[in-house]
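A look at the structure
As a plain string of letters, each chain reads:
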Amino acid sequence: SPKEFAREMRVAACVQWYAQGLVSQERAAEIAGLSRTEFIEELFRRRVPACQVTLEELIEEIEHE
């Protein structure tokens, strides 16, 4: 249905924006009309990493605390 298609397009766009680092998980979930948990489940379903921090960034963050 048109309503389901519009929802799918909104979720797909939010997943893409998140994957590109344009929006946070929280903001992407909000735009998509999902809870953060539902958005993370959607990321998993689409095989998009939920964590956007590289190993190097994580090590640097830990060393500076």
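Everything below is about the structure printed above this text.
Residues numbered from 1 in each chain as written. Predicted model: local features only at pLDDT ≥ 70, side-chain atom pairs only at ≥ 80, totals over all residues. Heavy atoms only, no water.

What follows concerns the packing of helix 1 (residues 2–19) against helix 3 (residues 36–45). Remark: helix 1 packs on helix 3, axes separated minimally by 11 Å, with the N-to-C direction vectors making an angle of 80°. What the angle tells us is that helix 1 and helix 3 run roughly perpendicular. Of helix 3, the residues touching helix 1 (which contributes Glu8, Val11, Cys14, Val15 and Tyr18) are Phe39, Glu42, Leu43 and Arg45. Its residues placed into classes, the contact of helix 1 with helix 3 shows six nonpolar, no polar and three charged. (Axes fitted to C-alpha atoms, helices over the stretch in contact; angles between N-to-C directions. Helix = DSSP H or I, 4+ residues; strand = E, 2+ residues; numbered from the N terminus. Parallel < 35°, antiparallel > 145°, perpendicular 65-115°, else oblique. Contact = heavy atoms within 4.5 Å. Nonpolar A, V, L, I, M, F, W, Y, C, P; charged D, E, K, R; others polar.)

Right, let's talk about the side chain of Gln25 for a bit. Assignment of secondary structure puts Gln25 in helix 2 (residues 25–32). Of the residues examined, Gln25 reaches a relative accessible area of 10% and is grouped as buried. One polar contact links the side chain of Gln25 to the main-chain carbonyl oxygen of Ala50, over a distance of 2.7 Å. The residues touching Gln25, leaving out its near neighbours within four places in the chain, are Tyr18, Arg36, Phe39, Ile40, Leu43 and Ala50. (Buried < 20%, exposed > 50% of the residue type's maximum accessible area, 1.4 Å probe, protein only. Polar contact = N/O pair within 3.5 Å; in protein donor to acceptor, adjacent residues only side chain to side chain.)

A few words now on the nonpolar core. Ranked by size, the top nonpolar core spans twelve residues in total: Val11, Cys14, Val15, Tyr18, Val23, Ala28, Ala29, Ala32, Leu34, Phe39, Leu43 and Val48. Elements supplying a minimum of two residues to this core: helix 1, helix 2 and helix 3. Leave out the neighbours within four places in its chain, and Phe39 touches Cys14, Val15, Tyr18, Gln25, Ala28, Ala29 and Leu34. (Core = buried A, V, L, I, M, F, W, Y, C linked by side-chain atoms within 4.5 Å.)

Centre distance and the angle of the planes are the two values used to describe a pair of aromatic rings. On inspection of all chains with the given rule, the structure shows one aromatic pair. Measuring from centroid to centroid gives 5.9 Å for Tyr18 and Phe39, while their planes differ by 90°, and the two rings are edge-to-face. Of this pair, Tyr18 sits in helix 1 while Phe39 is found in helix 3, placing the two residues 21 residues apart along the sequence. (Phe/Tyr/Trp six-rings, centres within 6.5 Å; stacked < 30°, edge-to-face > 60°.)

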